[in-house]
Amino acid sequence: MNKIAVISDIHGNVPALKAVLEDIRQRGVSAIYCLGDLIGKGPSGHETVDLVRENCERVVQGNWDDFIGKETSEPVLNWHQEQLGRERLEYLGSLPFSIEFVMSGRYIRLFHASPRSLYERIQPWDSYESRLSLFSGSELCKDPRDADVVGYGDIHNVYLQHLEGRMLFNTGSVGNPLDMTQASYAILEGEYGSRETAPFSVQLVRVPYDIEQAIQEAADVQMPLLKEYAQELRTARYRGLSK
């Protein structure tokens with residue numbers, strides 16, 4: 001049996017990422033896949049990119065990874081661009097759209113937000129039809145066929161559902177969770193590359209980390225929108241919600 005850890009939405013939070021990587025190391029995981037949004041929001045996008053490149057076998061692009069490389073006059077984005085530098089920005093811009101493979105007789109597709117876009121946001125409480133559409137392929141995917149198992153990030157809310165005999169899960173967020181104040185990731189376990197039906201599981205893992213250290217690291221470099229960032233880490237409440 002093989003174990004694949006699936007992480008997503010790190011958002012420049014190195015204390016959270018290091019805590020998750022240490023937890024993964026203790027579990028005998030074969031490989032780590034990352035579903036994007038390495039940077040943005042948090043202060044250490046440069047170090048996050050380096051750690052992901054060092055530790056992750058496969059990485060896909062998130063919406064932040066896409067738009068951070070575009071020319072902008074927005075001061076907050078300019079700050080993150082300066083932290084990253086040109087080579088890392090080029091790396092983020094080169095990332096593929098999806099990861100697709102067979103495990104225990106199931107066709108598995110992993111992406112950041114939806115099989116159609118980096119920017120389409122689908123929550124666990126959205127319509128049945130919207131969630132079911134996540135199993136469909138598109139011209140952006142490696143293979144247009146429907147998937148048996150789908151995993152994604154983007155929404156920062158962990159969940160697992162079964163829809164018409166297929167499995168849908170969200171990894172949640174390593175560095176900016178919005179459901180509870182602990183980092184999250186998933187572990188897939190099965191026979192990698194096997195087209196024969198065999199046992200398969202998805203485990204959703206929560207990992208505590210030093211939130212105050214993460215906030216202090218942002219304060220030390222005078223990161224823009226520090227107050228909003230600290231609120232999200234301490235409360236797991238999205239800054240855009242009304243009080």
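Before reading further, recall that the structure is shown in the block above.
Just so we're clear, the structure is a prediction, and the values are computed from it rather than from any experiment. (Residues numbered from 1 in each chain as written. Predicted model: local features only at pLDDT ≥ 70, side-chain atom pairs only at ≥ 80, totals over all residues. Heavy atoms only, no water.)

1. Structural notes on the sheet that holds strand β8 (residues 166–170)
In step 1: With respect to topology, 5 strands assemble into an open sheet ordered β4-β5-β6-β8-β7, the strand pairing being mixed. The open sheet terminates on both sides in strands that have one partner only, identified here as β4 (98–103) and β7 (159–163). Across the sheet, the axes of successive neighbouring strands diverge by a mean angle of 15 degrees, strand direction being ignored.
In step 2: As paired elements, β4 and strand β5 (residues 106–111) share 6 bridges and run antiparallel to each other. Pairing of Phe101 across the sheet is with Ile108, part of β5. (Pairing = 2+ DSSP bridges. Helix = DSSP H or I, 4+ residues; strand = E, 2+ residues; numbered from the N terminus. Axes fitted to C-alpha atoms, helices over the stretch in contact; angles between N-to-C directions.)

2. Details of unusual backbone geometry
In step 1: Residues other than glycine seldom take positive phi values, yet Asp37 does so here, at roughly 55 degrees.
In step 2: A relative accessible area of 2% places Asp37 in the buried class.
In step 3: Residues other than glycine seldom take positive phi values, yet Leu225 does so here, at roughly 55 degrees.
In step 4: Mapped onto the secondary structure, Leu225 falls in the loop between α7 (211–220) and α8 (226–235). (Buried < 20%, exposed > 50% of the residue type's maximum accessible area, 1.4 Å probe, protein only.)

3. Considerations on the pattern of salt bridges
In step 1: Tallied over the full model, the rule gives 16 salt bridges.
In step 2: Notably, a salt bridge pairs Lys41 with Glu232, separated by 3.4 Å at the nearest N-O pair. Note that Lys41 is positioned in the loop between β2 (31–34) and α2 (45–55) and Glu232 in helix α8, a separation of 191 residues in sequence. Comparing Lys41 with Glu232 shows no difference in burial state: the two are buried. (Salt bridge = Lys/Arg side-chain N within 4 Å of Asp/Glu carboxyl O.)

4. Topic: the packing of aromatic side chains
In step 1: Evaluation of the coordinates by the stated rule reveals 5 aromatic pairs.
In step 2: Taking 5.7 Å as the distance between ring centres and 80 degrees as the angle between the ring planes, the aromatic pair formed by Tyr33 and Phe101 counts as edge-to-face. Residue Tyr33 is found in strand β2, and its partner Phe101 is found in strand β4; the two are separated by 68 residues along the sequence.
In step 3: Taken together, the ring pairs connect Tyr33, Phe101 and Tyr192 into an aromatic cluster.
In step 4: The ring of Tyr107 is capped by Arg145, whose NZ or CZ atom sits 3.8 Å from the centre of that ring.
In step 5: Its guanidinium or amino end placed over the ring of Phe135, Arg166 lies 4.9 Å from that ring's centre, counting from NZ or CZ. (Phe/Tyr/Trp six-rings, centres within 6.5 Å; stacked < 30°, edge-to-face > 60°. Lys NZ or Arg CZ within 6 Å of the ring centre and 35° of its normal.)

5. Things to note about empty space enclosed by the protein
Gaps left between atoms are located by rolling a probe of water-molecule size over the structure's atoms.
In step 1: Taken as a whole and judged by the stated rule, the model has 1 cavity of 30 Å³ or more.
In step 2: Its boundaries defined by the atoms lining it, the largest cavity holds a volume of some 40 Å³.
In step 3: Ile39, Gly40, Gly42, Pro43, Ser44, Gly45, His46, Trp79, His80, Gln83 and Leu84 together form the lining of the largest cavity.
In step 4: Looking at the lining of the largest cavity element by element, the count peaks at 4 residues for helix α4 (residues 75–84).
In step 5: When its residues are assigned to classes, the lining of the largest cavity shows 4 nonpolar, 7 polar and no charged. (1 Å grid on protein atoms, 1.4 Å probe; cavity = no way out; pocket = protein on both sides within 12 Å on 5 of 7 lines; lining within 4 Å. Points joined across faces, edges and corners; volume = space filled by probe spheres on them. Nonpolar A, V, L, I, M, F, W, Y, C, P; charged D, E, K, R; others polar.)

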